[in-house]
Structure formats: C-alpha cells, structure tokens
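# Results of the structural survey
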Amino acid sequence: MSSLFLFSIISKYVYSCIFAPMNLEDIKTVKKLLSTPQKIVIVPHKNPDGDAIGSTVALWHYLKNIGQDATVVSPNDFPDFLKWIPGNESILNFEKENSQSKNKISEATLIFTLDFNHLSRIGQMQDYLNNVVAEFIMIDHHQAPADYAKITYSDVSMSSTCEMVYNFMEYLNDTDKITPEIATCIYTGIMTDTGSFKFKSTTSRTHRVIADLIDKGAQNTEIHHQIYDTNNSSRLKLLGIALNNMVILEDYNTAYITLTQEELNSCNYKKGDTEGFVNYGLTLKGIKFAVIFIENSEEGIIKISFRSVGDFSVNQFARNHFEGGGHDNAAGGKSDLTITETTERFTKLLENYKTDLI
Ligand SMILES: [Mn+2]
C-alpha cells in the first residue's frame, strides 16, 4: 500500500471525526419523530447569548410552523440587546416562570438542547431534565459533548449553533420553510458567534448560509444596528473603566482586564453590559491572548472570559486551570479566589505557556 494512499485514508478518517454532519440514520429518526405530534421543549444554556437565543427561537418558529407544540424554556433571563428578536416574548424564564416551565418540561416528549452539550450548563434546570422521560436532541458546536441525547448533532467546526440549525432544516429538506423571522434569528446567532463574520470558524459555507438568509428576509443592516448600536452612557463609562484597568503583559503577548463589583455598581451594571469587552485586548498589535476577570459578589466568584488568536487553545487553558472550557479561541471559566489572587495566579500560570504565546 502506498504511503500516499494510507495518508488519504487516515486524513479522511480524521476529517470525518472532526467535521461531523448528521448521519442518515439520525436524520431518518428525527423525520420520524417530527412526523407525529410531539410536545417539544427547546432549551438554551444558562446566561444565553445571541447564538443560544437565535438558535432556540429559530427552531421554535420552525417547529410551530410545521404544526408541533413547542416552547423555549431558558434557564434564566437573557440580555436586553436580544429582546427585539421575533418570538423572544414567548420564551419562558425558568427562574421567573418556574411552575409553568416545570409543567412544560414534565409534559415534554422531546427536548432539544441547543448551544451547549452538558446538562451542567443549565444550572438549576439540570435537576428537572435529569428525571424526564422525553428523548433529547442535542445541536451544538462546543467540544467534548456529554452522552445524554438520543440524537447528538455535534460539530466543533461550525461557526455557531445557528448555522447548525440551518443545516438541520436542510437535512429535513425544509429550507424553503425559512420565514423572515427564522432567517432573522439564525442570522443574529451566526453574526454574534463569529464576531460579525471574522472569527476563524467563519467559512465560505457560513457566508453562503448568510446570503440565503438575506434572500429569505433577514434585514442584515437592521440586525447589526439592533445588536451593536445599543450603548448607553453607563455602559460606555464601564468600558472606559475596563480599558483603564487593562494590564498588558508584553512578555506573554497577553492583555487582561479586571472589573470589581464596586466598579460594576458605579455604572449601574446590567447583565450583558460587559459583552465584548474582552475582545479589546486582542485589538492590540501582537496580542494573542486576552482575558477579562469580572467580580460577582452575589455568587462569590470571579467570572472569566478568555479569547485568543491563532493556535493557543483557551479551551484547554480554561479546562486545565479555571473550571471552564468552550472553543479553541473563546472560552469561559471561574475562580473562587479574590480578584487580586486570581490575576496573580493567572500571571504565574502564564510562565508555563511562554513558548506557546511568543
Ligand atoms: Mn454558540
């Protein structure tokens, strides 16, 4: 056997492991499930972002339109900058509409979990989902999926769960059922998860999907405006504090930002206000690793976001040191130490990564 031939077999195998479209058997199973009336609950992760809300609400529209009984139940509230998404008003908040949410979950025959792959990502809701009879369908692009779903559509090469929801509808031969509302939801999630189509996960296919969504009624300029032009003076003031606090560690091509609870309070902090702050570190020339540490007195922890450019895997870094994880270039984590102790520990850890970062 020639080595070239062997190489082509191995690379095909590796390719099929990394890039994982839904297999035919799973597509058949989904078609069969959706050909009979189901009671469906769709769940995003806790503290849902644009991709989590976009994908769950897009799927909700689609399932309703094909005659299914469907409800989105979110583990908690979602940020104001998403509160214009068509259909967002139908989302049940598990924390605030607890008994209604529990009823929907206990009656469910089918549960979709979107944009996460481990039930620990849904907080208190986990206890209820562990004990249901419903079958699970997971659609997600994070690494290391857990094994709780009957159907696992997991593909870490995907830009977003929203792009996967588009694929999901394509697998079911239903892209002609994409309404302007669905197109808007999917567009929003792809846009927010790709940093407006600039992250490495953005492929030519992503752009083809986006083009089709515009053809199907997504108002792209309006969506950008709704998501990004929502600053108020207190959020801009908070950004000012964050940038002022930025520490640049040139030896490690790393920049980090800290925000204490007191600083947040001084700017009337609301959930979502610090969205995107971490990315400012990466706009510095030469910086490969950017981090933000945000104190949360209520939970008694420091919440951490990690971003990188290039090969440095923040997913691994967050998993190894800060009880978190995510993607290669974007991940989250937490620390039980004080904010000063946390940044000290972080800076010390960097010594072990010097060769990866220079
Ligand atoms: Mn996502």
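Residues numbered from 1 in each chain as written. Predicted model: local features only at pLDDT ≥ 70, side-chain atom pairs only at ≥ 80, totals over all residues. Heavy atoms only, no water.

Here we take up the sheet that holds strand β4 (residues 110–114). Hydrogen bonds between backbone groups are what pair the strands of a sheet, and the pairing can be parallel or antiparallel. Strand order across the open sheet formed by 6 strands is β3-β2-β1-β4-β5-β6, with parallel pairing between neighbours. On the outer flanks of this sheet lie β3 (92–93) and β6 (151–154), each paired with one strand and no other. Sheet topology places strand β1 (residues 39–43) next to β4; 4 bridges connect them, and they run parallel. Counted as the bridge partner of I42 is F112 from β4. (Pairing = 2+ DSSP bridges. Helix = DSSP H or I, 4+ residues; strand = E, 2+ residues; numbered from the N terminus.)

For the rest of this paragraph, the subject is the packing of aromatic side chains. In total, this model carries 19 aromatic pairs according to the counting rule given. Where F317 meets Y353, the ring centres are 5.0 Å apart and the plane angle is 70°; that geometry is what we call edge-to-face. A residue pair is termed long-range when its members are at least 10 positions apart, and F317 in helix α12 (residues 314–321) and Y353 in the loop between α13 (339–350) and α14 (354–357) qualify at 36 residues. We classify Y353 as buried; its relative accessible area is 15%. By the ring-pair criterion, three or more aromatic residues cluster together here, those being Y256, F289, F293, F306, F312, F317, F322, F346 and Y353. Positioned over the ring face of F322 is R345, at 4.8 Å from the centre of the ring. In this structure, K354 packs its charged tip against the face of Y252, placed 5.7 Å from the ring centre. (Phe/Tyr/Trp six-rings, centres within 6.5 Å; stacked < 30°, edge-to-face > 60°. Buried < 20%, exposed > 50% of the residue type's maximum accessible area, 1.4 Å probe, protein only. Lys NZ or Arg CZ within 6 Å of the ring centre and 35° of its normal.)

Attention now moves to the side chain of T258. Along the chain, T258 turns up in strand β8 (residues 254–259). The class of T258 is buried, set by a relative accessible area of 16%. For T258, the residues in contact, after removing those within four places along its chain, are N245, E263, F293, I339 and T343. (Contact = heavy atoms within 4.5 Å.)

D51 (OD), D115 (OD), H141 (NE2) and D193 (OD) make up the full set of protein donors to the manganese ion, lying at 2.1 to 2.3 Å. Judged by its relative accessible area of 1%, D115 is buried. (Donors = N, O, S within 2.8 Å, 3.2 Å for Na, K, Ca; no water.)

This brings us to the packing of helix α7 (residues 180–193) against helix α9 (residues 220–228). Taken N-terminus to C-terminus, the directions of α7 and α9 make an angle of 55°; their axes are 10 Å apart at the nearest point. By the angle between their axes, α7 is oblique relative to α9. The way α7 lies across α9 gives a crossing that is right-handed. The residues of α9 that touch α7, namely those facing T184, Y187, T188, M191 and T192, are N220, I223, H224, I227 and Y228. Grouping the amino acids of the contact of α7 with α9 by side-chain chemistry returns 5 nonpolar, 5 polar and no charged. (Axes fitted to C-alpha atoms, helices over the stretch in contact; angles between N-to-C directions. Parallel < 35°, antiparallel > 145°, perpendicular 65-115°, else oblique. Left-handed = near helix turned anticlockwise from the far one by under 90°. Nonpolar A, V, L, I, M, F, W, Y, C, P; charged D, E, K, R; others polar.)

Read from one edge of the open sheet, 6 strands run β7-β8-β9-β10-β12-β11, paired in mixed fashion. Two strands bound the open sheet, and with one partner strand each, they are β7 (247–249) and β11 (325–326). Sheet topology note: the strand β10 (residues 301–308)/strand β12 (residues 330–335) ladder contains 6 bridges and is antiparallel. Looking at β12, one finds that F306 is bridged to A331.

Moving on, we get to the domain arrangement of the protein chain. For the protein chain, the domain assignment lists domain 1 (11–228) and domain 2 (233–357). Just the C-alpha atoms count here: the centres of domain 1 and domain 2 sit 27 Å apart. At the junction of the two partners, domain 1 supplies 11 residues and domain 2 supplies 12 residues. Carbon and sulfur atoms supply 44% of the area that domain 1 and domain 2 bury against each other, a total of about 910 Å² over both sides. Along the contact surface separating domain 1 from domain 2 lie 4 residue pairs in polar contact (both at pLDDT 80 or more). Across the side of domain 1 that touches domain 2, the residue classes tally to 3 nonpolar, 5 polar and 3 charged. (Domains from an automatic or database assignment. Buried area = accessible area lost by both parts, 1.4 Å probe. Polar contact = N/O pair within 3.5 Å; in protein donor to acceptor, adjacent residues only side chain to side chain.)

A few words on the side chain of N76. As for its position among the elements, N76 is in the loop between β2 (69–74) and β3. N76 gets classed as buried once you look at its relative accessible area, which sits at 3%. One polar contact links N76 to N47, side chain to side chain, over a distance of 2.7 Å. Setting aside residues no more than four positions away along its own chain, N76 makes contact with K46, N47, P48, N93, E95 and K271.

Within β8, 6 of the 6 residues are buried, which leaves the element mostly enclosed by the surrounding structure. The alternating pattern of β8 places T254, Y256 and T258 on one face and A255, I257 and L259 on the opposite face, and all of these are buried. As paired elements, β7 and β8 share 3 bridges and run antiparallel to each other. Bridged to V247 within β8 is Y256. What sits between β7 and β8 in their antiparallel hairpin is a turn of 4 residues, with N253 showing a positive phi close to 50°. Bridging between β8 and strand β9 (residues 289–296) involves 6 bridges; their strand directions are parallel. Bridge pairing in β9 links L259 to I294.

Another aspect to go through is the packing of α7 against helix α8 (residues 204–215). Close contact between α7 and α8 brings their axes to 9 Å; oriented N to C, the two are set at 150°. It follows from the interaxial angle that α7 and α8 lie roughly antiparallel. Pair α7 / α8 crosses with left-handed handedness. In this structure, α7 contributes A183, I186, Y187 and I190 to the contact, and α8 contributes T206, V209, I210, L213 and I214. For the contact of α7 with α8, the class distribution of residues is 8 nonpolar, 1 polar and no charged.

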